[in-house]
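In case you want the letters, here they are:
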Amino acid sequence: MNGTPRVTVIIPAKNEGPHLAQTVAGVLKAQTAVPFTVLVVDDGSTDGGTDALAPYRESGQVAVHRTSGLGLANARNLGATLAATPYLVFLDGHVFVHDHWLDPLIALLEAGTADAVCPAVYAHNRPRRVGFGVTFDGRLRYTWLPRQGTGPYAVPVIPGCAFAIKTAAFRAVRGCNERFRTWGFTDIELSLKLWLFGFRLFVHPGVRVGHVFRAGHPYPVPPEHVNANLLVLAYCHFSEPRIAKAEALVREAPYGERLIRAVRSSDVWAARAWYLANRTHNDDWYMERFGIPF
């Protein structure tokens, strides 16, 4: 791609196997008028999946940064720190893109219509199964949304498997929550605080990417880590009644009380104070804005 890059495509990856090379090849092959660069953050892979990227690295088409296992949230943060472009695109290492997928997303950001935007996402083996953004329910369960319009429109949560965002917006909310462990609630937390800080999140239903919906993770994801992230989300952004609801969900696990004590004794309250002091809206506004029953 000729010209100074306007976009850094950041692909956090851990044990993605052959999917990673397929994703990178697809991004490089897809036609676009937007100059971009590709950065893969290999977060402690043990399967040699990045070895197939050697030709792209040698040609300068792709940069690979290896870490020892930061977790998804901090792998994304590292990629954003290394980027030097006004726009960021985050992709999972098991996503399939098409010609001109990038152009409408970046155009929406450049026009000032949105600060972050996701494409519609279809299951790679069931292309008629499509999600148009995400919401969550009274148990904080991740739920894909049906199509609600023909042009770009607001959604409560943008899926982390594929989204574009203004670098300034990502940095304004301090990126993904650095307290998050291996995996879980990263997309909800980032989307929630972007809205609370006054940024706008859209889906572009005219752009579609394929996603491999796996039966499980190719690396260990302890349930305790997922619930710890749930608590960090609640303590950083929720009102006291919603914090109580979140703690009740965690108490359903045998380690729940211990985990609540551990997260409560962390630096999460300093983070909460910063978020509350700098945001534009509260969580009541967000839940009412999108009809979320939590």
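- Looking at an unreviewed UniProt entry, one finds the protein named Glycosyltransferase 2-like domain-containing protein, with Calditerricola satsumensis as its source organism.

### A short note on the pairing of strand S7 (residues 126-131)
So, point 1. In this structure, strand S6 (residues 116-123) lies alongside S7, joined through three bridges in antiparallel fashion. Pairing of Ala123 across the sheet is with Arg126, part of S7.
So, point 2. The turn linking S6 back onto S7 is made up of two residues.

### Comments concerning the pattern of salt bridges
So, point 1. Under the definition given, this model contains 17 salt bridges.
So, point 2. Across the pair Asp137 and Arg141 runs a salt bridge, and its minimum N-O distance is 2.7 Å.
So, point 3. On the accessibility criterion, Arg141 (48% relative accessible area) is partly exposed.
So, point 4. A salt bridge links Arg251 to Glu257, with the shortest nitrogen-to-oxygen separation between them at 2.6 Å.
So, point 5. What makes Arg251 partly exposed here is its relative accessible area of 41%.

### Focus on the packing of helix H7 (residues 223-237) against helix H10 (residues 268-278)
So, point 1. For the pair H7 and H10, the least separation of the axes is 7 Å and the interaxial angle reads 45°. Classified by the angle between their axes, H7 and H10 sit oblique to one another. When you trace H7 past H10, the crossing you get is right-handed. Together, Val232, Ala234, Tyr235, Cys236 and His237 of H7 and Val268, Trp269, Ala271, Arg272, Tyr275 and Leu276 of H10 make up the contact between the two elements.

### A short note on the UniProt feature "domain: Glycosyltransferase 2-like" (unreviewed entry) in the protein
So, point 1. Mapped onto the present numbering, the UniProt feature "domain: Glycosyltransferase 2-like" (unreviewed entry) falls at residues 8-172.
So, point 2. From the first C-alpha to the last, residues 8-172 spans 18 Å; its make-up is 26% helix and 33% strand.

### Remarks on the pairing of strand S4 (residues 87-91)
So, point 1. Judged by how many residues are buried, S4 sits mostly within the fold: five of five residues are covered.
So, point 2. Of the two faces of S4, the one lined by Tyr87, Val89 and Leu91 and the one lined by Leu88 and Phe90 are each fully buried.
So, point 3. Relative to S4, strand S1 (residues 7-13) runs parallel, the two sharing four bridges. Within S4, the residue paired with Ile10 across the bridge is Phe90.
So, point 4. One ladder, built from five bridges, connects S4 with strand S11 (residues 162-166); its direction is antiparallel. Across the sheet, Val89 pairs through a bridge with Ala164, a residue of S11.

About the thresholds
- Residues numbered from 1 in each chain as written.
- Predicted model: local features only at pLDDT ≥ 70, side-chain atom pairs only at ≥ 80, totals over all residues.
- Heavy atoms only, no water.
- Pairing = 2+ DSSP bridges.
- Helix = DSSP H or I, 4+ residues; strand = E, 2+ residues; numbered from the N terminus.
- Salt bridge = Lys/Arg side-chain N within 4 Å of Asp/Glu carboxyl O.
- Buried < 20%, exposed > 50% of the residue type's maximum accessible area, 1.4 Å probe, protein only.
- Axes fitted to C-alpha atoms, helices over the stretch in contact; angles between N-to-C directions.
- Parallel < 35°, antiparallel > 145°, perpendicular 65-115°, else oblique.
- Left-handed = near helix turned anticlockwise from the far one by under 90°.
- Contact = heavy atoms within 4.5 Å.
- UniProt positions renumbered as here; feature names shortened; annotations may be inferred.

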